[in-house]
Amino acid sequence: MKYKKILVIFFFALISTFIIYKKCINNKINILFLGDNYILNKNYKTYDDYLVESLSNSNNLASFNNNFVYENKSYSDIINDINNNIYISFKNENIYLNQLIGKSDIIVISANNDNYFDKCYKDKYILDNYNTILINKINLLVNLISKISNAKIYIIGNYCNNINNNLTLKDDNIKYIELKNNYENINYYIFKTIINDIN
């Protein structure tokens, strides 16, 4: 009888430990950064640095990946990358973009910054036409990602002109971060917007 009691206590402790372990693991966040690295200037602390540091310090970061961020990357480029399921080789292993998207809890996208700035001070008609194209691409990209992942998606806007009012993002898992010229530290603002939304 004594052995049965010990065995029951042992199995109860084992199951409890497993549940606690799974709960702790599931609370950790996988972050994927996609798009243009215009704001990710490594001469100063950027929003990805703030995010990774904050989540690491609170022991909430499972992983982060910014290997698919390239200069002048556009929304069209990201769409093509997903459709082609591109990969990078790291330590003799291929890491596929769609696999990363699938396991991500948060995806941060910044793209078309250079194209935006080219059109920023041109005629309103030119900028409006570009915004229409951009809105369609963002909606297409978001729909594509949503087929692969349930991740929370943050789309970083642009100083020049924000399109938030015209986006038809119906999902609460998608947030457009509107930027304005007058933010003293734009990277910290982006970080705070994301971290406040996570918490």
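None of these values were measured; they are calculated from a predicted model.

A. Local environment of the overall build of the protein chain. Each helix and strand in the protein chain was counted, giving seven helices and seven strands. Its helices and strands in sequence order give the protein chain the pattern α-β-α-β-α-β-β-α-β-α-α-β-β-α, from N to C terminus. Here the protein chain holds 199 residues, and 40% of them are scored as buried. Restricting the contact set of the protein chain to residue pairs at least 6 apart, pairs at least 24 apart contribute 66%. Entry remark: accessible area of the protein chain is about 12,100 Å², with carbon and sulfur atoms responsible for 51%.

B. Layout of the environment of Y70. As for its position among the elements, Y70 is in the loop between β2 (61–69) and α3 (75–83). Polar contacts involving the side chain of Y70 include one to the main-chain carbonyl oxygen of N67, which spans 3.1 Å.

C. Inspection of the pattern of salt bridges at higher detail. All chains considered together, the criterion is met by four salt bridges. For the salt bridge of K152 with D197, the shortest nitrogen-to-oxygen distance reads 3.0 Å. With K152 in strand β6 (residues 152–156) and D197 in helix α7 (residues 186–198), this pair connects stretches of sequence that are 45 residues apart. Taking the relative accessible area as the measure of exposure, D197 reaches 30% and is therefore partly exposed. For D197, the salt bridge goes to K175, with nearest N and O atoms at 4.0 Å.

D. Structural detail: the packing of helix α2 (residues 47–57) against α7. The contact between α2 and α7 brings their axes to 8 Å, and the two run at 40°. Judged on the interaxial angle alone, α7 and α2 are oblique. Here α2 and α7 pass one another in a crossing that is right-handed. Of the residues in α7, those touching α2 at Y47, Y50, L51, S54 and L55 are N187, Y188, I190, F191, I194, I195 and I198. When grouped by side-chain class, the residues that make up the contact of α2 with α7 number ten nonpolar, two polar and no charged.

E. Local environment of the packing of α3 against helix α6 (residues 124–148). Close contact between α3 and α6 brings their axes to 9 Å; oriented N to C, the two are set at 25°. The orientation of α3 with respect to α6, classified from their angle, is roughly parallel. Considering the relative orientation of α3 and α6, their crossing is left-handed. Between α3 and α6, the residues in contact are Y75, S76, I78, I79, I82 and N83 and L134, K137, I138, L140, L141, L144, I145 and I148, respectively. Class assignment for the residues of the contact of α3 with α6 results in eleven nonpolar, two polar and one charged.

F. Layout of the packing of aromatic side chains. In this structure the tally under the stated criterion is five aromatic pairs. The interplanar angle of 45° and the centroid separation of 5.0 Å between the aromatic rings of Y87 and Y96 together place this pair among those described as tilted. What makes Y96 partly exposed here is its relative accessible area of 30%. Linked through ring pairs, Y50, Y188 and F191 together constitute an aromatic cluster.

G. Representation of the side chain of D81. Mapped onto the elements of the fold, D81 is located in helix α3. In this structure D81 touches K73, I86 and L97, once residues within four positions along its chain are discounted.

H. Here's a closer look at the environment of I101. The topology assignment puts I101 in helix α4 (residues 97–103). Excluding residues within four positions of it along the chain, I101 makes contact with L32, I82, I107, I145, I148 and S149.

Reading the values: rules and limits
Residues numbered from 1 in each chain as written. Predicted model: local features only at pLDDT ≥ 70, side-chain atom pairs only at ≥ 80, totals over all residues. Heavy atoms only, no water. Helix = DSSP H or I, 4+ residues; strand = E, 2+ residues; numbered from the N terminus. Buried < 20%, exposed > 50% of the residue type's maximum accessible area, 1.4 Å probe, protein only. Contact = heavy atoms within 4.5 Å. Areas by Shrake-Rupley, 256 points an atom, 1.4 Å probe, with all protein chains shown as cover. Polar contact = N/O pair within 3.5 Å; in protein donor to acceptor, adjacent residues only side chain to side chain. Salt bridge = Lys/Arg side-chain N within 4 Å of Asp/Glu carboxyl O. Axes fitted to C-alpha atoms, helices over the stretch in contact; angles between N-to-C directions. Parallel < 35°, antiparallel > 145°, perpendicular 65-115°, else oblique. Left-handed = near helix turned anticlockwise from the far one by under 90°. Nonpolar A, V, L, I, M, F, W, Y, C, P; charged D, E, K, R; others polar. Phe/Tyr/Trp six-rings, centres within 6.5 Å; stacked < 30°, edge-to-face > 60°.

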